[in-house]
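Notes for the structure review
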Amino acid sequence: MVHKLSALFAELHGSSPAIYRAPGRVNLIGEHTDYNDGFVMPVALDLYTYVAVSPRADRRLRVYSENLREMCDLDLDLIRPGRSGHWSDYVRGVAGVLESSGYRLRGADLAIMSEVPLGSGLSSSAALEVSTAWALLSNSQLGIDRTTVAHMCQKAEHLYAETMCGIMDQFISCHGRAGHALMLDCRSLEFQLLPVPSQLRLMVCNTMVKHEHASGGYNTRRRECEEGLHGLAQVLPGIRALRDVTRDELEKHRDCLSPVIYKRVRHVVTENDRVKEAASALETGDIAKLGKLMADSHQSLRDDYEVSTSELDLMVELANGQEGVYGARMTGGGFGGCTINLVDAAHAEEVQQRLQRNYEAKTGLKPTILICEASDGAGAVGEDPRETDAKGRSE
Ligand code: GLA
């Protein structure tokens, strides 16, 4: 991938680039909790977006996407917030947010190549944002810590893609660690790296279906959570986010909420508890417990939060009950995309093949099923990201 990108860059721009990368992610548990100040447990995947960069003397960004085979030209002095729906919104957004936050960028030639399947719920957009941020900052010899990069990229998504995402995807793309899941408190941003037991494999199953209303549905769920918070704050004045509500409090005050909003809040409240239990289960090596929590999470996303689809439900059902599968659930925002299975290494290939066959037989769709590893977060290619931040120097 890196050689191919270097060669492509030389052909396009006639110079040799520096290359940066940022990973996609899969979330083990903790869905739709990040924007409620709650808990999440994502893993960075060994699927990266690579950005090759070299400086220009002017204030232009000339950006080529190899995946989409398209070149686009941006002027750093003319970038304004707003969505166009084009892939370059993410590049434009990152550059725009960095500039408006006081980071003066140099012009650059860029070429992008991604292994993260686009639009499949593995956070291809965060991988693109974070790798672009790394490339633009390094190209301008500017330094920012990893958490600030994550915040800038989240803001780019809000202002330029107009998806009101939480911090999870950008945070894990910056802070991921090989062999580990990351349990994040989305209020304090304190995190804990939890080793993924070596006999486990992360199986990511792409249903190959993405529903049109994905981003609209996501923003609607956010508003529903705000409505729930507003309703409960009348009787629980101390709460700042749904993260502050307990199950008992919710049951006691359920009459303050409409039936739909009650279900949405119940998902968030129970999911936060599940993430905390999942962290203890990982710490004590209780994989069966972790698997059960994943199953409960899927059910809650399907029935209470209503962001699953018949294809995601089918993929989960087909995985459940197979030998070697500890747990299965939809992952990411929902309305299509992927499921995640926790599978014993000894059975991984067998499960993969069976799922491939059975899903295709039932739907006529050929799913992509990947066996992934927990990997490192963003950095310069060839450097240990544990020792560097976005300026490429030791923290
Ligand atoms: C998307 C968003 C995340 C998070 C998940 C749902 O991936 O980008 O911030 O809200 O959905 O957990």
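Residues numbered from 1 in each chain as written. Predicted model: local features only at pLDDT ≥ 70, side-chain atom pairs only at ≥ 80, totals over all residues. Heavy atoms only, no water.

**What about the overall build of the chain?**
Helix and strand content of the chain: eleven helices and 13 strands. Against the 2.2 N^0.38 benchmark of 21 Å for 395 residues, the chain shows a C-alpha radius of gyration of 21 Å, consistent with a compact globule. C-alpha extents for the chain along the principal axes are approximately 65 × 50 × 40 Å. Counting across all 395 residues of the chain, residues that qualify as buried make up 59%. When contacts within the chain are restricted to residue pairs at least 6 apart in sequence, long-range pairs at least 24 apart make up 71% of them. Charge separation in the chain, taken as the distance between the mean sites of 43 positive and 55 negative side-chain charges, equals 2 Å. (Helix = DSSP H or I, 4+ residues; strand = E, 2+ residues; numbered from the N terminus. Rg over C-alpha atoms; globule rule 2.2 N^0.38 Å. Buried < 20%, exposed > 50% of the residue type's maximum accessible area, 1.4 Å probe, protein only. Contact = heavy atoms within 4.5 Å. Lys, Arg positive; Asp, Glu negative; His and termini not counted. Charge placed at Lys NZ, Arg CZ, Asp CG, Glu CD.)

**Thoughts on the sheet that holds strand β8 (residues 191-195)**
Taken in spatial order, the three strands of this open sheet run β2-β7-β8, and their pairing is antiparallel. The open sheet has two edge strands with one neighbour each: β2 (39-40) and β8. Relative to β8, strand β7 (residues 180-185) runs antiparallel, the two sharing five bridges. Within the sheet, the bridge partner assigned to H180 lies in β8 and is P195. Strands β2, β7 and β8 of the sheet are contacted by helix α5 (residues 168-175), whose axis makes an angle of about 135 degrees with β7. The strands touched by helix α8 (residues 259-284) within the sheet are β2, β7 and β8, with β8 carrying the most contacts at an inclination of about 45 degrees. (Pairing = 2+ DSSP bridges. Axes fitted to C-alpha atoms, helices over the stretch in contact; angles between N-to-C directions.)

**Considerations on the site of the ligand**
As a matter of local geometry, the ligand sits amid R25, E31, H32, D34, Y35, C165, G166, M168, D169, Y218, G332 and G333. R25 is positioned such that a nitrogen or oxygen atom in its side chain is 2.9 Å from an oxygen atom of the ligand. At a separation of 2.7 Å, an oxygen atom of the ligand approaches a polar side-chain atom of E31. The protein chains hide 92% of the 310 Å² of surface that the ligand would expose on its own. Of the residues belonging to the shell around the ligand, the class tally is four nonpolar, four polar and four charged. (Near = heavy atom within 4 Å. Polar contact = N/O pair within 3.5 Å; in protein donor to acceptor, adjacent residues only side chain to side chain. Areas by Shrake-Rupley, 256 points an atom, 1.4 Å probe, with all protein chains shown as cover. Nonpolar A, V, L, I, M, F, W, Y, C, P; charged D, E, K, R; others polar.)

**Overview of the pairing of strand β5 (residues 70-75)**
Examined bridge by bridge, strand β4 (residues 60-65) and β5 share six bridges and lie antiparallel to one another. Within the sheet, the bridge partner assigned to Y64 lies in β5 and is M71. Turn length for the β4-β5 hairpin, with the two strands adjacent in sequence and antiparallel, is four residues, and the turn residue R69 shows positive phi of about 50 degrees.

**Concerning the sheet that holds strand β13 (residues 379-380)**
Here six strands make up an open sheet; going across it, the order is β5-β4-β6-β3-β1-β13 and the pairing mixed. Edge positions in the sheet fall to β5 and β13, since each of these pairs with one other strand and no more. Most of the contacts of α5 go to strand β1 (residues 18-27), to which it runs at about 125 degrees, and overall it touches β1 and β3 (42-55).

**Re the pattern of salt bridges**
Per the stated rule, a full pass over the model turns up 26 salt bridges. One salt bridge connects D296 with K292, and the closest N-O pair in it is separated by 3.0 Å. Of the two residues, D296 and K292 both sit in helix α9 (residues 287-303), four residues apart, roughly one turn of that helix. For D296, a relative accessible area of 24% gives the class partly exposed. Because the salt bridges share partners, they merge into one network encompassing R221, E224, K263, R264 and E306. (Salt bridge = Lys/Arg side-chain N within 4 Å of Asp/Glu carboxyl O.)

**A short note on helix α2 (residues 88-100)**
If you check α2, its first and last C-alpha atoms are 18 Å apart, about what 13 residues at 1.5 Å a residue would give, namely 18 Å. Listed as buried for α2 are S88, D89, V91, R92, G93, V94, A95, G96, V97, L98 and E99. Buried residues along α2 sit in contact with β4, β5, β6 (108-114), α3 (124-139) and α4 (146-161). Just downstream of α2 lies G102, where phi reads positive at about 100 degrees. (Expected span 1.5 Å × (residues − 1).)

**Concerning the packing of α8 against α9**
Remark: α8 packs on α9, axes separated minimally by 10 Å, with the N-to-C direction vectors making an angle of 165 degrees. What the angle tells us is that α8 and α9 run roughly antiparallel. As for the relative orientation of α8 and α9, their crossing is left-handed in sense. Residues K263, H267, T270, E271, R274, E277, A278, A281 and L282 of α8 touch α9, and the partners they reach there are K289, L290, L293, D296, S297, S300, L301 and D303. Here the residues of the contact of α8 with α9 are counted per class, giving six nonpolar, four polar and seven charged. (Parallel < 35°, antiparallel > 145°, perpendicular 65-115°, else oblique. Left-handed = near helix turned anticlockwise from the far one by under 90°.)

Limitation: the analysis is restricted to geometry and does not speak to function.
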